[in-house]
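Results of the structural survey
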Amino acid sequence: MRKLEINLSTTKYDIVIENGLLSHCVDYIKTVYSNKKIYIVTDDNVEKLYLKTVMDSLATAYDVDYVVIPHGEESKTINVYANICESLIEKGVKRGNLLVALGGGVIGDMTGFVAASLYRGIPYVGIPTSLLSQMDSSIGGKTGIDFAGRKNILGAFKQPSMVLIDPNTLKTLDNREFNNGMGELIKHGAIGNYKLLEMLKSKPEIDENVIFESLSVKKRVVEIDEFDLKERMTLNFGHTFGHAIELKYGFKHGEAVALGMLMALEMGADLGVTDKSCYDEIYNILKLYELPLEKYNYRDYLKDVFYDKKNIAGTISFIFLTKLGSCCIYKLTEKEIKERFLV
Ligand SMILES: NC(=O)c1ccc[n+]([C@@H]2O[C@H](COP(=O)([O-])OP(=O)(O)OC[C@H]3O[C@@H](n4cnc5c(N)ncnc54)[C@H](O)[C@@H]3O)[C@@H](O)[C@H]2O)c1
């Protein structure tokens, strides 16, 4: 078992990482919740795999009910959000009750947003089950839904009361979903944890220790920058270029981030910011985890960056590695980019 404590100005909470935790999750939930009623929100894939185990455990101490939504990003809409709220209200949810988000990042983001907004806020516990949600999205308190064709545009900061991670659930993820999570996990190593990168080179099982090392990077950044005003930006390494190619070529997010990291590594090296050896090191780790390695020239995508949300008043903040395990925020104006790279 590994444990991390997230310490924020507004609250603090534990993340417990333990194989087999699902079947006795009640023991942990009892430490943060003493009322009677719990409502689980999950999707139809995770329902079949893990709902019964979690319900059986919680039912030893609580009245438990649940809401199931269709799986996938297509569910992250205002209609599905409204359906969840409606179901919970019909089932009698009260302000002092607890929600449990059982599933991947979609369930975590949506349940968190319901918890932030229903009755102006009720507590929730995250039980993330996909690799991406276990090593990244379940902590930090960003919740939300997609709207008006834009991702995560409606949302709120809402920290969970606790996060419970059972790495055994990763065994049922299909290969592509697993590798999708690996893209972001490798990113955590690249920006802030050299030890994690070294561990990954031997292709270890993604267990309690690997997830702990990955979450340690996010913990550090979130504790410094709870409301995403500066340092959290470093988590966007690989995202600036990744976003430019993700939809265009139909990549999954983590796959696009992998390619975006390679593009950022080249640009950083051309600017003299990134140690040249970083490219090969990261390339080899991405290859080990069967992430895409197509070559895209970052110069061809620099114009897209002008429309990125990281463009603030004509200045774009790039995230570059300095060396393996460390990164920096590097600002360039549109004018500088045009003069230096687009002539
Ligand atoms: N809040 C944040 O800080 C943050 C950070 C990164 C990503 N996100 C969000 O996370 C979402 C992506 O998360 P995701 O990749 O987990 O997507 P997801 O929730 O859609 O899960 C991916 C698929 O895996 C299935 N699944 C989940 N756990 C499983 C398991 N153990 N076994 C088998 N199948 C399982 C799901 O049903 C789904 O079909 C995006 O909406 C993204 O915006 C949020």
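That block above? That's the structure.
Residues numbered from 1 in each chain as written. Predicted model: local features only at pLDDT ≥ 70, side-chain atom pairs only at ≥ 80, totals over all residues. Heavy atoms only, no water.

For the coordinates displayed, the defined rule picks out three cavities of 30 Å³ or more. Mapped onto the lining of the largest cavity, the elements with two or more residues apiece are strand 5 (98-103), helix 4 (105-117), strand 6 (124-128), helix 5 (131-137) and strand 7 (142-147). Ranked by the residues each element gives to the lining of the largest cavity, the list is headed by strand 6, at four residues. (1 Å grid on protein atoms, 1.4 Å probe; cavity = no way out; pocket = protein on both sides within 12 Å on 5 of 7 lines; lining within 4 Å. Points joined across faces, edges and corners; volume = space filled by probe spheres on them. Helix = DSSP H or I, 4+ residues; strand = E, 2+ residues; numbered from the N terminus.)

The next subject is the site of the ligand. Inspection of the region around the ligand gives 27 residues, with Asp43, Glu73, Lys76, Ser130 and Thr172 positioned closest. Within the contact set of the ligand, an oxygen atom lies 3.4 Å away from a side-chain nitrogen or oxygen of Asn152. When the ligand is considered free in solution it has 870 Å² of accessible area, and contact with the protein chains removes 87% of it. For the shell around the ligand, the elements supplying multiple residues, two or more each, are helix 2 (44-58), helix 4, helix 5, strand 8 (150-157) and helix 6 (175-192). (Near = heavy atom within 4 Å. Polar contact = N/O pair within 3.5 Å; in protein donor to acceptor, adjacent residues only side chain to side chain. Areas by Shrake-Rupley, 256 points an atom, 1.4 Å probe, with all protein chains shown as cover.)

Here the focus is the side chain of His188. You can see His188 is positioned in helix 6. Excluding residues within four positions of it along the chain, His188 makes contact with Met135, Asp136, Asn193, Leu196, Ser214, Val217, Lys218 and Leu235. (Contact = heavy atoms within 4.5 Å.)

Time to look at the sheet that holds strand 4 (residues 63-69). Spatially, 1-2-9-6-5-3-4 is the arrangement adopted by the seven strands of the open sheet, whose pairing is mixed. On the outer flanks of this sheet lie strand 1 (2-7) and strand 4, each paired with one strand and no other. For this sheet, the mean inter-axis angle between neighbouring strands, taken without regard to orientation, is 15°. Pairing geometry for strand 3 (residues 37-43) and strand 4, over seven bridges, is parallel. By the bridge assignment for strand 4, Tyr39 is matched with Asp65. The strands touched by helix 4 are strand 3, strand 4, strand 5 and strand 6; relative to strand 5, the strand with the most contacts, the crossing angle is about 165°. (Pairing = 2+ DSSP bridges. Axes fitted to C-alpha atoms, helices over the stretch in contact; angles between N-to-C directions.)

Nonpolar side chains collect at one region of the surface, where Ile78, Phe147 and Ile153 lie side by side and expose about 240 Å² of accessible area between them. Relative to the helices and strands, Phe147 is located in strand 7. Overall, the relative accessible area of 38% leaves Phe147 in the partly exposed class. (Patch = residues over 30% accessible without salt bridge, like charges linked within 9 Å, V, L, I, M, F, W, Y side chains within 5 Å. Salt bridge = Lys/Arg side-chain N within 4 Å of Asp/Glu carboxyl O. Buried < 20%, exposed > 50% of the residue type's maximum accessible area, 1.4 Å probe, protein only.)

Counted by the stated rule, this structure contains 18 salt bridges. With a closest N to O distance of 2.9 Å, Asp109 and Lys76 form a salt bridge. Here the residue Asp109 occupies a position in helix 4, and Lys76 occupies one in the loop between strand 4 and helix 3 (78-90), the gap between them amounting to 33 residues. Of the two residues, Asp109 and Lys76, both sit in the buried class. Between Glu255 and Arg176 there is a salt bridge whose closest N-O contact spans 2.8 Å. With Glu255 in helix 10 (residues 253-270) and Arg176 in helix 6, this residue pair connects regions lying 79 residues apart in the sequence.

It is worth stressing that arrangement in space is one thing and function is another; only the former is reported here.
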